[in-house]
Structure formats: structure tokens, C-alpha cells
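# Coordinates in review
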Amino acid sequence: MVCTVSNIYQQIWNSDRHKLLVSPRNNDGGWIDPDADILLDEQVRAFGRVDLDLARQPLFHYVNQDKLDDIATYRSLIALFDNYRFDNQKSEIITRGEKAEIERFIDDICQTRVMEIARAYLMQQLQINFSTVSFAQQLRSIWFDLYTNYFGDLPTRDSSAFEHIFVGEGKYDYSAIANQKISGGISGYHSWLKFYLDEQQQKANYLGHNYSVAGDLGMDNPYVVTIQMRWSERQKLQNMKQQNITIELFKKRGCFFVGTSPECEIAMGTVAYFESLANYKFHQEQREISINGANYNLTLYRNTKRDASRGEYIRSFYPIYLGVNS
């Protein structure tokens with residue numbers, strides 16, 4: 001297997017056998033491919049305010065739930081979502097059962113073609129000698145090990161690449177309650193599957209798209225979105241007069257691929273991580289790539305250490321859509 005510098009992300013994309021087909025709407029409001037696995041309804045541009053929802057419908061009009069249920073990597077990914085506290089200031093407690101779920105996820109993705117291609121690329125192009133066992137160990141470490149991130153005024157403890165990227169971290173203060181509501185923001189949250197499931201549970205509210213480029217964005221490239229969103233949940237707080245509190249969080253711009261399998265996203269993020277460590281093809285924590293004629297800035301941040309230098313864990317990973325080739 002030969003993996004080259006110029007086409008590694010396209011190779012990973014092409015080999016993603018578990019990718020779901022995505023269709024946007026056409027200019028007449030119908031679906032370009034009504035039989036696609038995902039019908040993506042981007043609707044309108046977001047206004048920029050948490051209290052103004054111009055998108056009357058969910059982002060995900062339809063998702064083929066049967067495929068999510070039938071494919072092992074989707075099942076093992078979904079099993080991980082409830083293992084993390086959304087409040088980024090609460091300590092994580094990893095149980096024996098949750099460790100077993102992590103092992104199952106690593107085992108499942110390591111049996112896929114995309115992870116074979118990622119490992120071959122790292123060995124051939126970056127000269128990193130990975131056995132199948134050591135590669136799985138590295139995946140477990142860089143995606144699931146807990147670390148403290150020192151970016152900003154308040155350190156974020158017990159964070160991990162997986163939690164930040166696939167689940168998201170809520171930023172809010174329980175002491176700042178007004179009218180039985182706590183407001184705040186979201187960091188991370190770059191998983192299309194998590195957003196879809198949160199829409200189904202009426203936690204995530206799509207407020208519209210928020211691209212920085214113009215054009216018929218959904219039709220140009222339905223496999224990535226840049227969204228504005230509101231996330232909310234009712235919680236019962238103990239030892240406080242206000243027992244039922246609404247937590248309402250806002251994200252002005254969030255980017256994620258759509259329809260990509262869990263193994264595809266982990267493969268691309270892992271390759272980008274090791275390229276970033278080697279200072280290879282990355283400039284100011286971004287690498288410009290092209291997939292199927294669409295251009296992206298693939299962005300990868302490593303954690304920030306106490307001395308403000310970059311650490312050795314993945315902090316965030318997501319695509320910024322730059323438009324299609326002319």
C-alpha cells in the first residue's frame with residue numbers, strides 16, 4: 001500500500017466504506033438525491049443571536065438509522081457519548097465499563113481500511129514505526145487520555161481529544177443563575193453524529209449556516225457544514241432553591257464533516273496530529289487540503305501547557321470549508 005503526501009486525505013475519504021451518502025436540497029426545494037442516507041437541510045444563514053432562530057426545521061431532515069444500528073463503529077461510537085460530563089469544570093470519572101467501551105471502539109475502528117491507510121502513511125511518509133498493537137495504543141492515548149488544558153483564564157481539567165471533539169464541552173457557571181437559567185458557550189463539538197442525536201433529543205437547535213464563503217454552499221459541498229447552534233437542557237440541581245434549571249449554551253460557528261464514519265474522522269485526525277507534531281505541511285495549526293474538488297483548511301490544535309506551549313495531545317480537530325475548485 002502506497003500513501004503519498006498529496007492525496008492522503010483523499011485516499012482516506014475514498015476508502016471510507018461506512019460513509020453515509022448525503023443530499024442537500026436543490027434550488028426548487030426538493031432533494032437532489034431523495035434516496036440518500038442523509039437529507040441535509042441547511043435552510044438559511046444564521047443571524048448571529050442566540051435568541052433568533054431563522055432555521056425553522058432541523059439540520060438533519062433524515063438519517064438512515066438502520067445503518068447506524070447495523071455498523072459496528074457507529075454503535076461503539078454512540079456508546080461513548082454518555083461517558084462524559086458536558087460541564088467542562090466537572091471532573092471525569094472513568095468506570096470499568098466505560099474503559100471497556102473505549103477498548104471496543106478502538107478495536108472496531110482498527111479493523112477498517114481507513115485506519116490501515118492512516119498507519120501505512122505514517123510509517124512510509126513520517127517514518128513512524130507502528131505495529132498494529134502499538135498503533136492501537138497510540139490511538140487510545142492521544143484520543144482518550146485525560147489532560148489539563150491551560151488556555152484562557154480557567155484551566156480545563158480532565159479533558160480529552162475525544163470528549164472535546166466528539167462530545168463538546170459546555171462553558172458555564174452554576175452560580176450565575178438568572179430567571180432559573182444559566183447561559184454560556186460550547187467549545188469543541190465537531191461531530192455530525194452527536195449533533196444529529198442531540199437534535200433528536202431536542203437538545204441541539206440549528207440556527208442556520210454561518211460560512212465565511214459565498215455560493216450555493218449545500219449544493220456545492222454537502223459533506224461539511226458550518227453552523228450556528230443553541231444547546232439546551234433542563235437539570236435538577238441539588239442544595240439550591242432553584243431545583244429546575246435550564247442550561248442554554250450558544251456556539252456562533254461550529255464546523256464538522258457530515259456522513260463520515262467514526263473511523264474516517266479518527267483516521268484524518270490522527271494523520272493530522274502526527275503531521276502537526278512533525279511540523280509537516282501544517283502552518284499556524286492548519287493544513288490546506290482538497291477532497292473531491294472542495295478545499296478545506298484542516299485545523300488541528302494540540303493542548304496548551306501551563307507555560308503556554310503546545311502539548312502532545314489533540315485539543316481540537318475540524319474542517320474549515322474554503323469553497324470548490326473553479
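The paragraphs below set out a description of the structure included in this document. (Residues numbered from 1 in each chain as written. Predicted model: local features only at pLDDT ≥ 70, side-chain atom pairs only at ≥ 80, totals over all residues. Heavy atoms only, no water.)

### What about the overall build of the protein chain?
Along the protein chain, the regular secondary structure elements total 10 helices and 13 strands. Relative to a compact globule of 326 residues, whose C-alpha radius of gyration would be 20 Å, the protein chain shows 20 Å and is just as compact. Projected onto the principal axes, the alpha-carbon positions of the protein chain cover approximately 60 × 50 × 40 Å. Per-residue burial for the protein chain yields a buried fraction of 53% across its 326 residues. Of the contacts formed within the protein chain by residues at least 6 apart in sequence, a portion of 66% connects residues at least 24 apart. When the 35 positive and 40 negative side-chain charges of the protein chain are each reduced to one mean point, those points stand 5 Å apart. (Helix = DSSP H or I, 4+ residues; strand = E, 2+ residues; numbered from the N terminus. Rg over C-alpha atoms; globule rule 2.2 N^0.38 Å. Buried < 20%, exposed > 50% of the residue type's maximum accessible area, 1.4 Å probe, protein only. Contact = heavy atoms within 4.5 Å. Lys, Arg positive; Asp, Glu negative; His and termini not counted. Charge placed at Lys NZ, Arg CZ, Asp CG, Glu CD.)

### Points about the pattern of salt bridges
Summed over the entire model, instances satisfying the criterion amount to 11 salt bridges. The shortest N-O distance in the salt bridge between Asp-37 and Lys-67 comes to 3.2 Å. Separated by 30 residues along the polypeptide, Asp-37 in the loop between β1 (22–23) and β2 (38–40) and Lys-67 in helix α2 (residues 65–70) bring together distant segments of the chain. A salt bridge links Glu-233 to Lys-203, with the nearest nitrogen and oxygen atoms 3.1 Å apart. Here Glu-233 is found in strand β9 (residues 224–236), whereas its partner Lys-203 is found in the loop between α8 (192–200) and β8 (204–209), with 30 residues between them in sequence. (Salt bridge = Lys/Arg side-chain N within 4 Å of Asp/Glu carboxyl O.)

### Brief notes about helix α6 (residues 132–144)
A rise of 1.5 Å per residue sets the reference length of α6, with its 13 residues, at 18 Å; its end C-alpha atoms lie 18 Å apart and thus fit the reference within 8%. Here α6 has its buried residues at Phe-135, Ala-136, Leu-139, Ile-142, Trp-143 and Phe-144. For α6, the angular spread of buried residues about the axis comes to 165 degrees, placing them on one side. Lining the buried residues of α6 we find α3 (72–80), α4 (96–110), α5 (113–125), α7 (161–167), α10 (262–277) and β13 (310–324). (Expected span 1.5 Å × (residues − 1). Arc of directions from axis to C-beta.)

### Some details on the sheet that holds strand β11 (residues 286–291)
Pairing within the open sheet is antiparallel, and its 3 strands lie in the order β11-β12-β13. This sheet does not close on itself; its edge strands, each paired only once, are β11 and β13. If you compare each strand with its neighbour and ignore which way they point, the axes differ by 25 degrees on average. One ladder, built from 10 bridges, connects strand β12 (residues 294–304) with β13; its direction is antiparallel. Across the sheet, the residue bridging to Tyr-301 is Ser-316, located in β13. Across the face of the sheet, α10 comes into contact with β11, β12 and β13 while running at roughly 115 degrees to β13. (Pairing = 2+ DSSP bridges. Axes fitted to C-alpha atoms, helices over the stretch in contact; angles between N-to-C directions.)

### Considering the nonpolar core
One finds Tyr-9, Phe-60, Trp-143, Trp-192 and Phe-195 to be the most contacted residues of the largest nonpolar core, which totals 86 residues. Of all the elements, α10 adds the most residues to this core, at 8 residues. When sequence neighbours within four positions are dropped, the list of residues in contact with Tyr-9 reads Met-268, Val-271, Ala-272, Glu-275, Phe-282, Arg-287, Ile-289, Ile-291 and Leu-298. (Core = buried A, V, L, I, M, F, W, Y, C linked by side-chain atoms within 4.5 Å.)

### Quick word on a nonpolar patch on the surface
A contiguous nonpolar patch, built from Val-44, Phe-47 and Leu-54 and spanning about 250 Å² of accessible area, is present on the exposed surface. Locating Phe-47 in the fold gives a position in the loop between β2 and β3 (60–63). (Patch = residues over 30% accessible without salt bridge, like charges linked within 9 Å, V, L, I, M, F, W, Y side chains within 5 Å. Areas by Shrake-Rupley, 256 points an atom, 1.4 Å probe, with all protein chains shown as cover.)

### Points about the environment of Tyr-313
Structurally, Tyr-313 is set in strand β13. Note on Tyr-313: relative accessible area 25%, which makes it partly exposed. Leave out the neighbours within four places in its chain, and Tyr-313 touches Ser-141, Ile-142, Asp-145, Tyr-147, Tyr-273, Tyr-301, Arg-302 and Asn-303.

### Thoughts on the environment of Asn-244
Along the chain, the position of Asn-244 falls in strand β10 (residues 244–257). Note on Asn-244: relative accessible area 33%, which makes it partly exposed.

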